[in-house]
Amino acid sequence: TIVDRAGLDNFLTSVEKSSKESSVQPPVFIPTGLFVQSMEYSNANNTIVTGYLWQRFTLGVHDDIQRGFLFPEMSSADDMEVEEQFRRKEGNTETVHWFFRVVLRERFDYSHYPFDKANIWLRLWSSDFENNVVLIPDLEAHTLINPTSLPGLEKDLFLPGWTFEQSYYDYKYNTFTTDFGKVSHQG
């Protein structure tokens, strides 16, 4: 879980070290921000989420990196709408900003109803499968990053019957049993 700049820097150092040790392409870090505007349960396992997502690219460094992202937990290809809002270049930075609406397939445990807790997670991948792209939280876009301050959530976000306790960025290492059709896939 990333709760401050020092924690993010430690994580980035470990990713760089790991890629050197395994002789893979050096990672490319892309600052990515997320702002959730609304959530709604559409059924027992699907959550509709809307909001904004942005990425910051360093011109001259990230020119060959594909702009974009994927929600791997979307329930089907028809359940995601993404509309680019703008691209802005300031100095050596290009910021791309999107609006999204996605239906995410979640696994909830209802065995403790009505005292259950639910973790709604929005897992993101880079849409660039050619490079070793690691999406990192755009910490500078938040005034507070403490999980109890609910970074990235609309202040008046309402989900009937639920109380938001925390929001945070975190990383989970996954091992896949596929190379996604590309022998040198490093994502």
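One can find the structure itself at the top, above this paragraph.
Residues numbered from 1 in each chain as written. Predicted model: local features only at pLDDT ≥ 70, side-chain atom pairs only at ≥ 80, totals over all residues. Heavy atoms only, no water.

K.L.:
Describe helix α1 (residues 5-21), with residues and values.
P.N.:
Three- or four-residue spacings in an α-helix give side chains the same orientation, since the helix completes a turn every 3.6 residues. An ideal rise of 1.5 Å per residue puts 24 Å on 17 residues; α1 measures up with 24 Å between its terminal C-alpha atoms. Among the residues of α1, those classed as buried are Leu-8, Phe-11, Leu-12, Val-15 and Ser-19. All buried residues of α1 lie within an arc of 100° about the axis, which places them on one face of the element. Exposed positions of α1 whose direction lies more than 90 degrees from the buried face are Asn-10, Lys-17, Lys-20 and Glu-21. Looking one or two residues beyond α1, the residue adopting positive phi is Ser-23, at roughly 55°. (Helix = DSSP H or I, 4+ residues; strand = E, 2+ residues; numbered from the N terminus. Expected span 1.5 Å × (residues − 1). Buried < 20%, exposed > 50% of the residue type's maximum accessible area, 1.4 Å probe, protein only. Arc of directions from axis to C-beta.)

K.L.:
Outline the sheet that holds strand β5 (residues 93-105), supporting the account with residue identities and numerical values.
P.N.:
Strand order across the open sheet formed by five strands is β4-β5-β2-β1-β7, with mixed pairing between neighbours. The open sheet terminates on both sides in strands that have one partner only, identified here as β4 (80-90) and β7 (133-137). The sheet shows a mean angle of 30° between the axes of neighbouring strands, direction not considered. Where strand β1 (residues 28-41) meets strand β2 (residues 46-58), nine bridges bridge the pair, whose relative direction is antiparallel. Each residue of the ladder has a partner; that of Met-39, found in β2, is Val-49. (Pairing = 2+ DSSP bridges. Axes fitted to C-alpha atoms, helices over the stretch in contact; angles between N-to-C directions.)

K.L.:
Can you lay out the pattern of salt bridges for me, pointing to particular residues and giving the numbers?
P.N.:
A side chain of one charge can pair with a side chain of the opposite charge when the charged atoms of the two come close. In this structure the tally under the stated criterion is eight salt bridges. Here Arg-87 and Glu-84 are joined by a salt bridge, their closest N and O atoms 2.8 Å apart. You can call Arg-87 partly exposed: its relative accessible area is 44%. It is possible to trace a salt-bridge network through shared partners that takes in Arg-67, Glu-84, Arg-87 and Glu-94. (Salt bridge = Lys/Arg side-chain N within 4 Å of Asp/Glu carboxyl O.)

K.L.:
Report on the environment of Asp-156, specifying residues and quantitative values.
P.N.:
Mapped onto the fold, Asp-156 is located in the segment after β7. Counting along the chain gives 119 residues from Asp-156 to Gln-37, while the straight-line C-alpha distance between them is 8.6 Å.

K.L.:
Explain the environment of Val-96 to me, and be specific about the residues and the numbers.
P.N.:
By the element assignment, Val-96 lies in strand β5. Those residues in contact with Val-96, other than ones at most four positions away along the chain, are Leu-53, Trp-54, Gln-55, Phe-57, Arg-67, Glu-84, Phe-86 and Arg-87. (Contact = heavy atoms within 4.5 Å.)

K.L.:
Break down the pairing of β7 for me, citing the residues and quoting the values.
P.N.:
A large share of β7 lies buried, amounting to five of its five residues. What you see with β7 is no split at all: Val-133, Leu-135 and Pro-137 on one side and Val-134 and Ile-136 on the other are buried throughout. Here five bridges tie β1 to β7, and the two strands are oriented parallel to one another. Residue Thr-32 lies in a different strand from β7, and its bridge partner there is Pro-137.

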